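# Chain and residue survey
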Amino acid sequence: MQRIGVFVCWCGSNIAGTVDVQAVSDALANEPGVVFSTNYQYMCSQAGQDMIQNAIREHNLTGIVVCSCSPRMHEATFRKTAQGAGINPYMVEIANIREQCSWVHKDMEIGTEKAIILGKAAVAKVNLNAPLTPGESPVTKRALVIGGGIAGIQTALDIADAGFPVDIVETKPTIGGKMAQLDKTFPTLDCAACILTPKMVDVAQHENIRIFSYSEVTEVNGFVGNFTVKIKKKARFVDETKCTGCGECTEKCPMKKVPNEFNLGMDNRRAIYIPFAQAVPKVATIDADHCNMLKNGKCGLCAKVCAAGAIDYTQKDEIIEEKYGAIVAATGFNPISMDKFDEYAYNQSKDVITSLEFERLTNAAGPSAGKLVRPSDGKHPHTIVFVQCVGSRCAACAEKGKEYCSKICCMYTAKHAMLTRDKYPDTEVYVFYIDVRTPGKSFDEFYRRAVEEYGVHYIKGMVGKVAPQGDKLKVQASDLLANKQLHIDADLVVLAAAIEPDQSARPLATMLTASMDTNDFFTEAHPKLRPVESPTAGVFLSGACQGPKDIPETVSQAGAAAAKVIGLLAKDKLKGNPCIASSNELMCNGCSSCERVCPYGAITYVDKEFRMPDRTTKIRRVASVNEAVCQGCGACTVACPSGAMDLRGFANKQIMAEVDAICK
């Protein structure tokens, strides 16, 4: 029988306000194996931990139960406390009486009764616990950053500056991401390219960074410290080692009518192209869908004019396999499609555009060389209407928009309005909004400048309809403060489209076995204590893949993710989770059920010789668990029809002991 100590935490009034902690400690003192039971106001404090360690030594405890808040928050704390007093850390159980009792019950009698039941279950499990020892595995000292936007760039630079090699995988021909498409950045209104371009060059020139542009991750195997990743490097049909980026081929290509995705289709590019002047790597790429030579074997003009001999029409996709110790997801975001928002006439008029398209129109490297013109006729617009929250905060229209706030729209609309009024004072600017949300440093002052200094008309109300009529856009809207309907003849309407995770996020999360929320944003391990870590060990989050963020917040999170990666790669060995699956070979019938459900590929089958009761031998097929790969998820124990598969620390008999304790 174990010698168990029970420690009930008040958590200030978080627990004690709804649970009678004295009654809980008194009730659990009578449970089998319990030799000491007490309660204290803050068990996770230094005084509380000292109390636990003193009790362990004084009463020769072999296991402890802490009735407190979620083990997700403090299990590691109490395990370390127990280990410091000489107890195996896996002889510690946490009964979550805060989230599961005090936070969900108003009545103290009910909360106390439930807390006692949870405590009894934890005591029953400790009585069957056994000391566990974690294994060790080496760490591959190389990091992979998936995504080459500002988040991926900053993460890679910080890791590389610490002395560790980093690979960046970017699906587009160049790194830079959405920030490369911007003109100015809030709240300082400095040039986006002036900030981003030096960082892109730093990445290209850094001795510890490799760039896999025009590439994608196709397969991820392994575990923290030892990931094996396959990267598909798509054929550019241009030899990167030879191309000088001179642009001669892009000027001579006869195929001129390819929509330019960098300018969001507002102008055209050639079939062979460099996305923008500051592209990194500055290497041409042939669009196989539009190249006459690749489609029908007729042309080849780019190869003729290329002095470096870099054009290679025979180039094939290449699969590269590399090992990494840590992976950072930095897949970024995209504006949502406007196809479902017919009330704004986005598909009916070229003069209804999104905010990102407006950004390209005002950019000196954009389709109109920085001149603000109407896409339909090239004329300067004199009345512009900005519509906020298009697709954001759509609680009633979730089938076409998003329920969450996209966070950055209020600020970039204020930026657009200010820049327009500053450069074109003759332009009237209207902004229709639900609420103005400017929570960042100097953000509210920025918005107030738009109203007070630049005379932007902010109107609290929604735009109901936009109707093209001649060369005007008839905007029908409501002014909620004045309680009246407005009709505005606009020359240009700009829609602040909601943002959503990049489409690559969901398949990537599947490969990484990482968690996602209902909106396909990556989920952090803990929103307060581990905001840049995925629940999957060794996978970290950077930038807007985790949720809507502006550039300053993205750069901050990128640095935080890099710090976590550096801390991981600095270790020579990692201790694994000892709560892993194990197979009873005498009971295993070799059915492969556990192998099929294992998300980590930790289970294989081997042929093994067994001695039979009649002294003969027999070869049987049995499950074998790779302890270094197993993450202890328990899926195999549920799937095993013969009961041969069990989980150390969460064995079937331990789970049933908890159930019995609850049902008494």
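This write-up is about the structure you can find in this document. (Residues numbered from 1 in each chain as written. Predicted model: local features only at pLDDT ≥ 70, side-chain atom pairs only at ≥ 80, totals over all residues. Heavy atoms only, no water.)

A separate point is the overall build of the protein chain. Secondary structure summary: the protein chain contains 19 helices and 34 strands in total. In terms of overall dimensions, the protein chain has a C-alpha envelope of 85 × 70 × 40 Å along the principal axes. Considering only contacts in the protein chain between residues 6 or more positions apart, those separated by 24 or more positions represent 68%. Summed over its atoms, the accessible surface of the protein chain is roughly 30000 Å², and 51% of this surface lies on carbon and sulfur atoms. Side chains of the protein chain carry 74 positive and 74 negative charges; the gap between the two charge centres is 3 Å. (Helix = DSSP H or I, 4+ residues; strand = E, 2+ residues; numbered from the N terminus. Contact = heavy atoms within 4.5 Å. Areas by Shrake-Rupley, 256 points an atom, 1.4 Å probe, with all protein chains shown as cover. Lys, Arg positive; Asp, Glu negative; His and termini not counted. Charge placed at Lys NZ, Arg CZ, Asp CG, Glu CD.)

In this section: the sheet that holds strand β26 (residues 484-490). Read across the sheet, three strands follow the order β24-β25-β26 without closing on themselves; strand pairing throughout is antiparallel. Either end of the sheet is taken by a strand with one partner, and the two such strands are β24 (463-469) and β26. Here the average twist between neighbouring strands, direction ignored, is 20°. Two elements, β24 and strand β25 (residues 472-479), share six bridges in a ladder whose sense is antiparallel. Directly across from V463, in β25, lies its bridge partner A477. (Pairing = 2+ DSSP bridges. Axes fitted to C-alpha atoms, helices over the stretch in contact; angles between N-to-C directions.)

Another point: the pattern of salt bridges. In the structure shown here, the tally under the stated rule is 32 salt bridges. R269 is paired through a salt bridge with E261; the nearest N and O atoms lie 3.2 Å apart. We classify R269 as buried; its relative accessible area is 9%. E533 serves as the salt-bridge partner of R530, at 3.3 Å between the closest nitrogen and oxygen. Overall, the relative accessible area of 36% leaves R530 in the partly exposed class. According to the relative accessible area criterion, E533 is buried, its value standing at 13%. Taken together, the salt bridges that share partners define one network made up of D351, R374, D377, K472 and D491. (Salt bridge = Lys/Arg side-chain N within 4 Å of Asp/Glu carboxyl O. Buried < 20%, exposed > 50% of the residue type's maximum accessible area, 1.4 Å probe, protein only.)

Another aspect to go through is helix α4 (residues 71-84). In an α-helix, one turn spans 3.6 residues; hence positions three or four apart end up facing the same way. Between the first and last C-alpha of α4 there are 18 Å, a value that for 14 residues agrees with the 20 Å anticipated at 1.5 Å per step. For α4, every residue scored as buried is listed here: H74, F78, R79, T81 and A82. All buried residues of α4 fall inside an arc of 160° around its axis, so they share one side. Facing away from the buried side of α4, by more than 90 degrees, are the exposed residues R72, A76 and K80. In this structure, the buried side of α4 is in contact with α3 (46-59), β3 (63-68) and β4 (92-96). Where α4 begins, the capping side chain belongs to S70, and its oxygen is found 3.0 Å from the backbone nitrogen of R72. (Expected span 1.5 Å × (residues − 1). Arc of directions from axis to C-beta. Polar contact = N/O pair within 3.5 Å; in protein donor to acceptor, adjacent residues only side chain to side chain.)

Here the focus is unusual backbone geometry. Cis geometry is found at the peptide bond from F186 to P187, where omega equals 0°. You can see P187 is positioned in the loop between β8 (184-185) and β9 (190-191). Omega for the peptide link from V280 to P281 comes to 0°, which places this bond in the cis form. For P281, the location among the structural elements is in the loop between β15 (272-273) and β16 (285-286). Even without being glycine, T513 reaches a positive phi, approximately 50°.

To continue, consider the environment of G366. Relative to the elements of secondary structure, G366 occurs in the loop between α12 (355-362) and β21 (383-390). For G366 and T228, which are 138 residues apart along the polypeptide, the C-alpha to C-alpha distance reads 40 Å. When near neighbours in sequence (up to four residues on either side) are disregarded, G366 contacts N263 and R360.

Attention now moves to the packing of aromatic side chains. Inspection of the entire model under this criterion finds eight aromatic pairs. Through a chain of ring-to-ring contacts, three or more aromatic side chains come together here, namely Y433, Y447 and Y458. The ring of Y214 has K234 lying over it, and the distance from NZ or CZ to the ring centre is 4.8 Å. Above the plane of the ring of F610 lies R620, whose end atom (NZ or CZ) is 4.8 Å from the centre. (Phe/Tyr/Trp six-rings, centres within 6.5 Å; stacked < 30°, edge-to-face > 60°. Lys NZ or Arg CZ within 6 Å of the ring centre and 35° of its normal.)

Okay, the pairing of strand β11 (residues 215-223) next. Strand direction decides the pairing type here: β11 and strand β12 (residues 226-233), joined by eight bridges, are antiparallel. Within β12, the residue paired with S215 across the bridge is K233. Taken together, β11 and the strand that follows it, β12, pair antiparallel across an intervening segment of two residues, in which G225 is found at a positive phi of about 90°.

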